[in-house]
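# Survey of secondary and tertiary structure
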Amino acid sequence: MNLLIKNGRVIDPISRTDETLDILIENGQIKAISPRLEANEAEIIDASRLVVAPGFIDMHVHLREPGQEHKEDLITGSRAAARGGFTSICCMPNTKPPNDNSGITEYLVVEAKKKAVVNIFPIAAITRELAGEELTDMVDLSQAGAVAFSDDGHPITNSLIMRRALEYSLLLNKLIIDHCEDKNLSAGGVMHEGEISCRLGLPGMPAAAEEIMIARDLILAELTRARIHIAHISTRGGIEFVRLAKKKGLAVSAEVTPHHLILTDECLANYDPNFKVNPPLRSADHRQALIDGLKDGTIDVIATDHAPHTPEEKDVEFDQAPFGLIGLETAVSLMLDRFVHKNIISLERLIQLMASNPAQLLGLKNKGRIAVGADADLTLLNLRKEVIIDVNRFASKSRNSPFHGWKLRGAVAMTIVGGKIVYSS
Amino acid sequence: MNPETPLTFRHYHLLGIEDLETSEILTILETADSMAEISRRDIKKVPTLRGKTVVNLFFEPSTRTRSSFELAAKRLSADIINFSLSASSVVKGETLKDTVRNLEAMAIDALVVRHSSSGAPHYIASFCRSHVINAGDGTHEHPTQALLDAYTIKQYKKRIKGLKVVIVGDILHSRVARSNLFLLRKLGAEVVLCGPPTLLPLEFSKLGAKIEFNLDKALVGADVVMMLRLQRERQKANYFPSIREYRQLYCLTQERFKLAKKDAIIMHPGPINRGIEIDSALADSVQSVILRQVENGVAIRMAVLYLLLGGKERESSD
Ligand SMILES: [Zn+2]
C-alpha cells in the first residue's frame, strides 16, 4: 500500500526544509516530495496539523533479548519504540549472553526482521564477554550487522585495550561508544555524590568517575584519530572536555538522555528506586551544563538509555534495586514540552538531535532525512496535544519510568517505518 | 508544661529527624519527662498502650536498641514481639515488602525497623498501614538516638541553644551523626564535626555543620563531646592507614579533653571501643554520661511510642 501524507509541516534539518509539503511513499521509500501531490492508489494521511520529521533514531536502548525477556524483548521493545515515535533503535550488547559474536548479532538481525515493528540495529561488544580484556571480531560482527561497538555498563578499564579498540575501529569507520565510568571511583555508589547523597546517607558516585574516563577517552581519540562517542553524558566536566575536544577537531560525539536533562538528584529524596539510574541523576549545576551543551552543539544526540526492569525488581530497598529506567515512550513528549515549547532549543534542532545526527553518526545513509529515495521512516508530531504519562498504557513490558503522571504538551501522532504505519495515536 | 509549646506531633511515622518540626522534637522531649518518671516507680508499668502490638523488625543485630524499645513498649503495656531477620527470611529470598505484609496480616500497630539499607523505613512506610519507627537505617538516620542524646544534653546543660557540640569519628557512615546534626541544628546548637577527611565529606557543611579535621582545635570550648564508634573494617577500605594512627589523631584522651570546657560532658552511642576512640578511664569518668544515655533511651522510646500510638486517645479524653 502506498501512502500519501498531505499538508504536513515537513522539517528536515539536513536539507534545511521547513515548509508545508506532501510526501508520497512507494515501496517503503520516499517517492516524491512537493507542495501538492496526487496519487490514485494511495492511503491518504491528513497531516495538516502535524509536523512530519525524519524517523527518530534511539541509539541507546536495552532490549534484554536474549536472556532477560521477562524485562523486555524485541517485540515489546520495538512496539514501545513505535509508540514513542522511534523508527529505529540500537540495542546494546549487555544481554545474557552478551552480543560479542556474529551468531548473536545475526540472531538479532533475523529475529528483528521477523518480529519487530521498527528497525533494530545491534550494537556489538568491544570485548569478549564485556570483560574488557580481548577484542571481539569487530569486522565479522560488522558484516553480521553491528552498527557500532560498546561495552556499555562495563566500561573498559585498561587504557591499552581501549586504545587497541579505537585503532582497530579505523578499519570499519564505525563508532566506539563508551559508557564512561571509573568503576573503582564509583564503587558501591547508588546515586550522585553530593549534598543530597550526604543528606540521605546513600553512597555516592562522584562526577569525577565519569569525567576521568571521558578525559581518557578523548586523549586516546587524539592519539588514535579514531571516532569516539560518549554515551549518556551527565557531568559538567564531561561537557567541558567534549567541547574542548571538538574545538581541537577530534572525531568526538556525545549523547544525553532526557532524564539527565530534566531530573536532578533531589528527586531521590523519597528513596524511589525508579529514579535510580547509572549514570546517576546529577545535581542542578551539572544538569545546567548539559542544557548548555545541548544548545551550543557540544551534544549531538538525544538517546534514552531505555533500561527495562520489572516492577518486582524495582520494588525493593533503594540500594538493592537495579539501575535503569525506561525512556522510549516518554522521550519525545518530554523533549517537546520541556525544551521546544520552552524555547530552549528549536524544533529543528530537536529533530537533528533525534534523527539526523544519530543516522549520520551510525552511517545509516538512507535514514535520518526526508529526501526522494530515502527510506520512508517518518515520525509525525502533534505539537499541541496534551498527554499524561501513564506507565500502565506502555507497550514496554516494564514500568520503571519516573515520569508516571506527568502532564506534557506535544505528542507522537504517527510512526511510519518503511512506508508502514506502525503506530497511530 | 510550657504553654508556648503545646504538645504537637503530627507525623504518622518517625522516619527521621530531618522532616520533624522543632515543635515536634520539643513535644517528644517533654513527653519523655513524664515517661522517665514511670521508670523510677516501683511498679514500672502503666496501661496506656494496652492492646497495642509493636513489632521489633531488626535486619541488623542490635541488642541495645532492640531491648530499649522492648522495655519501652512493655512499660506502656503494649505487646511486643521481636523479629530478627538477618538469618531467616532474607535467606529464603523473601522480599522486604512480603515480610512486612506478613507481619501486618497479624494486626500489628507499629513497626520498629532497623535495616542496613538507607531509606528502608521510608520504603516500608510507603506501603504499610502501621506506624513505622526508624531504629537506624543504613548510614542515614537514627532518630531515637538523637532524641535521647538531646534529652541527655538538656538534663546536664539545661539548654541546647548556643551549646558547642563536637561529634568525632566516622561521620560519613554514621546515622547517629546525621540525626544529631539535624536535631541539634534545629534546636540552635553549634555542631562541629571532626574526623579524617576521608570520613568527613565537606558536603556536611551544607547541612549546617562546621568541619574540623583537627581534634584538638575542635575540642576548644566544647560543651559536649560525642564520640562515635569506629568500625575496624574501615581501615581495610583505606579510610585511614592504621588503627594506631587513627588513635593518635582522633582518640579522646584525658589530655585532649582538657581543651573542652571544664564542665563538658562526654557521650557515646555505644558500643564503645575502649582505647580506640576513647580512653577507657574517660569513658568511666564522672564527665561521661554514657550510661545516662542508655537510661534515657527507654524514656525517649516510650515517648515516641506513646505519641504515635496513644496520642489520639489522649486528645479525645482531654
Ligand atoms: Zn550505560
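Criteria and cut-off values
Residues numbered from 1 in each chain as written. Chains lettered and ligands numbered in written order. Predicted model: local features only at pLDDT ≥ 70, side-chain atom pairs only at ≥ 80, totals over all residues. Heavy atoms only, no water. Helix = DSSP H or I, 4+ residues; strand = E, 2+ residues; numbered from the N terminus. Rg over C-alpha atoms; globule rule 2.2 N^0.38 Å. Buried < 20%, exposed > 50% of the residue type's maximum accessible area, 1.4 Å probe, protein only. Contact = heavy atoms within 4.5 Å. Areas by Shrake-Rupley, 256 points an atom, 1.4 Å probe, with all protein chains shown as cover. 1 Å grid on protein atoms, 1.4 Å probe; cavity = no way out; pocket = protein on both sides within 12 Å on 5 of 7 lines; lining within 4 Å. Points joined across faces, edges and corners; volume = space filled by probe spheres on them. Nonpolar A, V, L, I, M, F, W, Y, C, P; charged D, E, K, R; others polar. Domains from an automatic or database assignment. Phe/Tyr/Trp six-rings, centres within 6.5 Å; stacked < 30°, edge-to-face > 60°. Core = buried A, V, L, I, M, F, W, Y, C linked by side-chain atoms within 4.5 Å. Donors = N, O, S within 2.8 Å, 3.2 Å for Na, K, Ca; no water. Expected span 1.5 Å × (residues − 1). Buried area = accessible area lost by both parts, 1.4 Å probe. Salt bridge = Lys/Arg side-chain N within 4 Å of Asp/Glu carboxyl O. Polar contact = N/O pair within 3.5 Å; in protein donor to acceptor, adjacent residues only side chain to side chain. Pairing = 2+ DSSP bridges. Right-handed = clockwise from strand over helix to strand, strands pointing away.

A few words now on the overall build of chain B. Helices and strands together make up the secondary structure of chain B, namely 13 helices and nine strands. Expected size for 318 residues packed as a compact globule is a radius of gyration near 20 Å; at 19 Å, chain B falls within 12% of this value. Relative to its full complement of 318 residues, chain B shows a buried share of 58%.

The next subject is the overall build of chain A. Of regular secondary structure, chain A possesses 13 helices and 18 strands. Its C-alpha atoms give chain A a radius of gyration of 20 Å, within 12% of the compact-globule value 22 Å for 425 residues. Looking at chain A residue by residue over its 425 residues, the buried ones come to 63%. If you take every contact in chain A between residues at least 6 apart in sequence, the share linking residues at least 24 apart comes to 74%. A total of about 15,700 Å² of accessible surface is found on chain A, and carbon and sulfur atoms cover 47% of it.

Right, let's get into the layout of surface pockets. Estimates place the volume of the second largest pocket at around 630 Å³. If you trace the second largest pocket, you find 34 residues lining it, with N270(A), Y271(A), D272(A), P273(A) and S126(B) closest to the centre. Of all elements in the fold, only helix 11 (311-314) of chain A together with helix 5 (120-125) of chain B reach the threshold of two or more residues within the lining of the second largest pocket. When grouped by side-chain class, the residues that make up the lining of the second largest pocket number 12 nonpolar, 14 polar and eight charged. Of the domains in this structure, domain 1 (3-51 + 375-383 + 401-424) and domain 2 (57-362) of chain A are the two that each give at least three residues to the lining of the second largest pocket.

Residues and elements named next belong to chain B. Per the counting criterion, the structure on display carries five aromatic pairs over all chains. On the numbers, 5.1 Å between centres and 45° between planes, the contact of F240 with Y246 is tilted. Both residues of the pair, F240 and Y246, count as buried. Taking 5.5 Å as the distance between ring centres and 45° as the angle between the ring planes, the aromatic pair formed by Y246 and Y250 counts as tilted. You can see Y246 and its partner Y250 sitting in helix 10 (residues 243-250), four residues apart, about one turn around the helix. Taking relative accessible area as the criterion, Y246 reaches 3% and is therefore assigned buried.

Turning our eyes to something else, we now look at the nonpolar core. If you look at the biggest cluster of nonpolar residues, it comprises 97 residues, and the most contacted ones within it are L261(A), L294(A) and M354(A). Per-element accounting of this core gives the leading share, seven residues, to helix 12 (residues 331-340) of chain A. Of the residues that make up this core, three or more belong to each of domain 1 (3-51 + 375-383 + 401-424) and domain 2 (57-362) of chain A. Sequence-distant contacts of M354(A), defined by excluding residues within four places in its chain, comprise F56(A), I57(A), F86(A), I302(A), A331(A), V332(A) and M335(A). Counting residues in hydrophobic clusters, the runner-up holds 68 residues, among them A32(B), F58(B), A78(B) and I80(B).

Residue and element names in this part refer to chain A. All of the protein donors around the zinc ion are D152 (OD), H179 (ND1) and H232 (NE2); their distances to the metal are 2.0 to 2.3 Å. Between consecutive donors of the zinc ion, the numbers of intervening residues give the motif D-x26-H-x52-H. Placement of the pair is D152 in the loop between strand 9 (148-150) and helix 4 (159-169) and H179 in the loop between strand 10 (175-178) and helix 5 (183-186), with a sequence separation of 27 residues. What makes H179 buried here is its relative accessible area of 4%.

Our next topic: helix 7 (residues 207-224) of chain A. Residues and elements named next belong to chain A. Compared with an ideal rise of 1.5 Å per residue, which puts 18 residues at 26 Å, helix 7 spans 26 Å between its outermost C-alpha atoms and is within 8% of the ideal. Taken residue by residue, helix 7 has A207, A209, E210, E211, M213, I214, R216, D217, L218, L220, A221 and T224 as its buried positions. R225 sits one or two positions beyond helix 7 and adopts a positive phi of about 60°.

Another point: the domain arrangement of chain A. Residue and element names in this part refer to chain A. Domain assignment breaks chain A into domain 1 (3-51 + 375-383 + 401-424) and domain 2 (57-362). Each of domain 1 and domain 2 has a C-alpha centre, and these two points are 27 Å apart. Facing 26 residues of domain 1, the contacting portion of domain 2 comprises 31 residues. Surface buried jointly by domain 1 and domain 2 totals about 2,400 Å² across both partners, of which 71% is contributed by carbon and sulfur atoms.

Of the residues lining the interface, 20 residues belong to chain B; the matching set on chain A comes to 14 residues. Of the roughly 1,400 Å² buried where chain B meets chain A, counting both sides, 54% is carbon and sulfur surface. At the surface where chain B touches chain A, the tally comes to two salt bridges. D315(A) is paired through a salt bridge with K97(B); the nearest N and O atoms lie 2.6 Å apart. Linking chain B with chain A are nine residue pairs in polar contact (both at pLDDT 80 or more), by the criterion used here.

The subject of this paragraph is the pairing of strand 10 of chain A. Residues and elements named next belong to chain A. Of the two faces of strand 10, the one lined by L175 and I177 and the one lined by I176 and D178 are each fully buried. Relative to strand 10, strand 9 runs parallel, the two being bridged by three bridges. For A148, the partnering residue across the bridge sits in strand 10 and is L175. With helix 4 bridging strand 9 and the parallel strand 10, this β-α-β connection has right-handed handedness. Here strand 10 pairs with strand 13 (residues 228-230) via three bridges, running parallel. Across the sheet, I176 pairs through a bridge with I228, a residue of strand 13.

Residue and element names in this part refer to chain A. With 14 residues, helix 2 (residues 102-115) should reach 20 Å at 1.5 Å per residue; the first-to-last C-alpha distance of 19 Å fits that figure. Among all positions of helix 2, only S102, I104, T105, L108, E111 and A112 are buried. The elements touched by buried residues of helix 2 are helix 1 (74-83), strand 7 (86-91), strand 8 (119-124) and helix 3 (138-144).

Residues and elements named next belong to chain A. If you trace the backbone, D377 turns up in the loop between helix 13 (347-362) and strand 16 (378-388). With a relative accessible area of 5%, D377 lands in the buried category. When residues no more than four places from it in sequence are discounted, the contact partners of D377 are A53, P54, G55, T87, S88, N119, K367, I416, V417 and G418.

Side-chain pairing between opposite charges can occur once the charged atoms of the two side chains come close. All names here are of chain A. Counted by the stated rule, this structure contains 43 salt bridges over all chains. Residue K31 pairs with E26 through a salt bridge whose shortest N-O separation is 3.8 Å. A cluster of three or more residues bridged by salt bridges with shared partners is formed by E65, E111, K114 and K115.

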